[in-house]
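Structure at a glance
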Amino acid sequence: MKKMIGISLLFLTVSSTACDICNMSVSLSPDDAKNYVSILFRSRNTCKNFTTTVLREMAMESTSRHGGVILLPTTEDQKHEDIFNVYEIQGLYNFNRRFHVTVSVPVISNTRSINNDRQFQLNGIGDPIVMAKYHLFRTNYETKLNHRVSVGSGLKIPLGSYDFEHKGKVVQHDFQAGSGTVDFIFSLDYLMKYKNWGLAMNANYKANTFNSKADYMFGNSINSTLNLFYLKELGDSYSLLPFAGIYGEQAGRDIENKKYESNTGGRILFGTAGTQFFFYQFKVELIYQHAMVNDMNGPLQLNVKNRVQTGVTYLF
């Protein structure tokens with residue numbers, strides 16, 4: 001059962017994923033001797049209602065192509081909704097007790113609707129991520145009190161397309177499958193577990209680079225997670241790990257044509273609840289995050305409603 005406890009600790013911070021729109025999603029975990037392969041699905045729902053009065057006030061701002069949504073040329077009420085879906089294959093390989101590498105390959109399926117009428121759907125491979133992590137400090141699973149401190153860095157590789165068009169016009173950059181840039185990711189993790197209770201904290205910073213072909217650069221972003229969890233052993237080969245906490249994202253304004261886009265960047269705070277079930281060599285997970293704070297820059301950005309993640313993992 002000690003091995004199962006270690007596996008549970010390995011996956012606790014899987015909910016600490018960064019902005020799906022930015023194609024950055026890496027399971028950042030404390031450690032275990034097991035390698036794994038995961039198939040994950042994530043979905044982020046964003047929506048905003050624009051009343052007739054608001055539309056009249058924002059008439060001049062609706063011409064922005066990349067800073068927020070593009071409003072219809074009408075004074076009628078409008079409901080804009082974007083759904084960002086990611087199907088992801090992820091693998092982790094341990095080179096030794098302290099060092100491992102994670103590779104993540106996403107497939108994007110994004111949908112845009114106005115007044116519940118689908119405008120278009122974008123499907124394609126996103127930008128893969130390669131992440132290396134080193135464990136500065138770790139205790140043995142046999143002790144009642146366990147600690148993990150890890151640092152990591154990685155690259156986002158520009159494989160996904162960033163020039164998808166709808167009706168002859170390139171859609172907003174945050175809706176594209178890729179960014180067309182090599183971006184840099186840095187992480188810091190801490191996990192503490194006493195008997196069956198524990199606390200997991202994680203922070204990631206993403207430094208973006210400039211796409212000269214699109215003349216665009218995403219603002220740098222940071223996201224962090226704080227989760228409280230409880231490990232319930234159900235048998236020699238079964239365990240349940242429910243957890244709850246908060247998750248936050250913050251991003252700077254994007255730059256286009258050497259100018260900051262006013263309707264980009266901001267802060268979001270989620271409440272998180274989830275559970276993970278471990279049996280033999282497998283793990284099944286379900287995570288729900290509800291947006292409690294939407295502090296977005298500019299009036300044309302859609303508010304995030306929720307995020308969900310589910311998946312299956314095989315350990316070997």
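The structure this text deals with has already been given above.
Just so you know, these numbers come straight off a predicted model, no measurement behind them. (Residues numbered from 1 in each chain as written. Predicted model: local features only at pLDDT ≥ 70, side-chain atom pairs only at ≥ 80, totals over all residues. Heavy atoms only, no water.)

1. Here we look at the pairing of strand S4 (residues 117–125)
- Bridging between strand S3 (residues 99–114) and S4 involves eight bridges; their strand directions are antiparallel. Along S4, the bridge assignment pairs Asn110 with Leu122.
- As consecutive antiparallel partners, S3 and S4 are separated by two residues, and within that stretch Asn115 has a phi angle of approximately 55°, a positive value. (Pairing = 2+ DSSP bridges. Helix = DSSP H or I, 4+ residues; strand = E, 2+ residues; numbered from the N terminus.)

2. Some remarks on the environment of Leu240
- Mapped onto the elements, Leu240 comes out in strand S14 (residues 238–251).
- With 39 residues separating them along the chain, Leu240 and Phe279 place their C-alpha atoms 9.0 Å apart.
- Excluding residues within four positions of it along the chain, Leu240 makes contact with Tyr230, Leu231, Lys232, Leu234, Thr275, Gln276 and Phe277. (Contact = heavy atoms within 4.5 Å.)

3. Here we look at the side chain of Ser104
- Note that Ser104 resides in strand S3.
- A distance of 2.2 Å separates polar atoms of two side chains, one belonging to Ser104 and the other to Glu88. (Polar contact = N/O pair within 3.5 Å; in protein donor to acceptor, adjacent residues only side chain to side chain.)

4. Overview of unusual backbone geometry
- Backbone geometry places Asn257, a non-glycine residue, at a positive phi of 55°.
- If you trace the backbone, Asn257 turns up in the loop between strand S15 (255–256) and strand S16 (259–260).

5. Considering the packing of aromatic side chains
- If you walk through the whole model with that rule in mind, you get 15 aromatic pairs.
- Relative to Phe218, the ring of Tyr216 has its centre 5.5 Å away and its plane inclined at 75°; by these criteria the two rings are edge-to-face. This pair shows no difference in class: Tyr216 is buried, exactly as Phe218 is.
- The ring of Phe175 has Arg112 lying over it, and the distance from NZ or CZ to the ring centre is 4.6 Å. (Phe/Tyr/Trp six-rings, centres within 6.5 Å; stacked < 30°, edge-to-face > 60°. Buried < 20%, exposed > 50% of the residue type's maximum accessible area, 1.4 Å probe, protein only. Lys NZ or Arg CZ within 6 Å of the ring centre and 35° of its normal.)

6. Comments concerning the environment of Ile268
- Along the chain, Ile268 turns up in strand S17 (residues 266–279).
- By relative accessible area, which is 8% here, Ile268 ends up buried.
- For the pair Ile268 and Val293, spaced 25 residues apart in the sequence, the C-alpha separation amounts to 5.4 Å.
- Ignoring anything within four residues of it in the chain, the contact list for Ile268 reads Arg44, Tyr247, Gly248, Glu249, Ala291, Val293, Asn294, Met296 and Val304.

7. Structural notes on the sheet that holds S16
- Strand order across the open sheet formed by three strands is S11-S15-S16, with antiparallel pairing between neighbours. If you trace the sheet from one side to the other, it starts and ends with strand S11 (216–217) and S16, each paired once.

8. Structural notes on the pairing of strand S10 (residues 197–207)
- Looking at chain direction, strand S9 (residues 183–194) and S10 are connected through eleven bridges and run antiparallel. Among the inter-strand pairings, Ser187 is bridged to a residue of S10, identified as Asn204.
- The hairpin formed by S9 and S10 contains two residues between the paired strands, and Lys195 there has a positive phi angle of roughly 55°.
- Where S10 meets strand S12 (residues 221–230), ten bridges bridge the pair, whose relative direction is antiparallel. Looking at S12, one finds that Met201 is bridged to Leu226.

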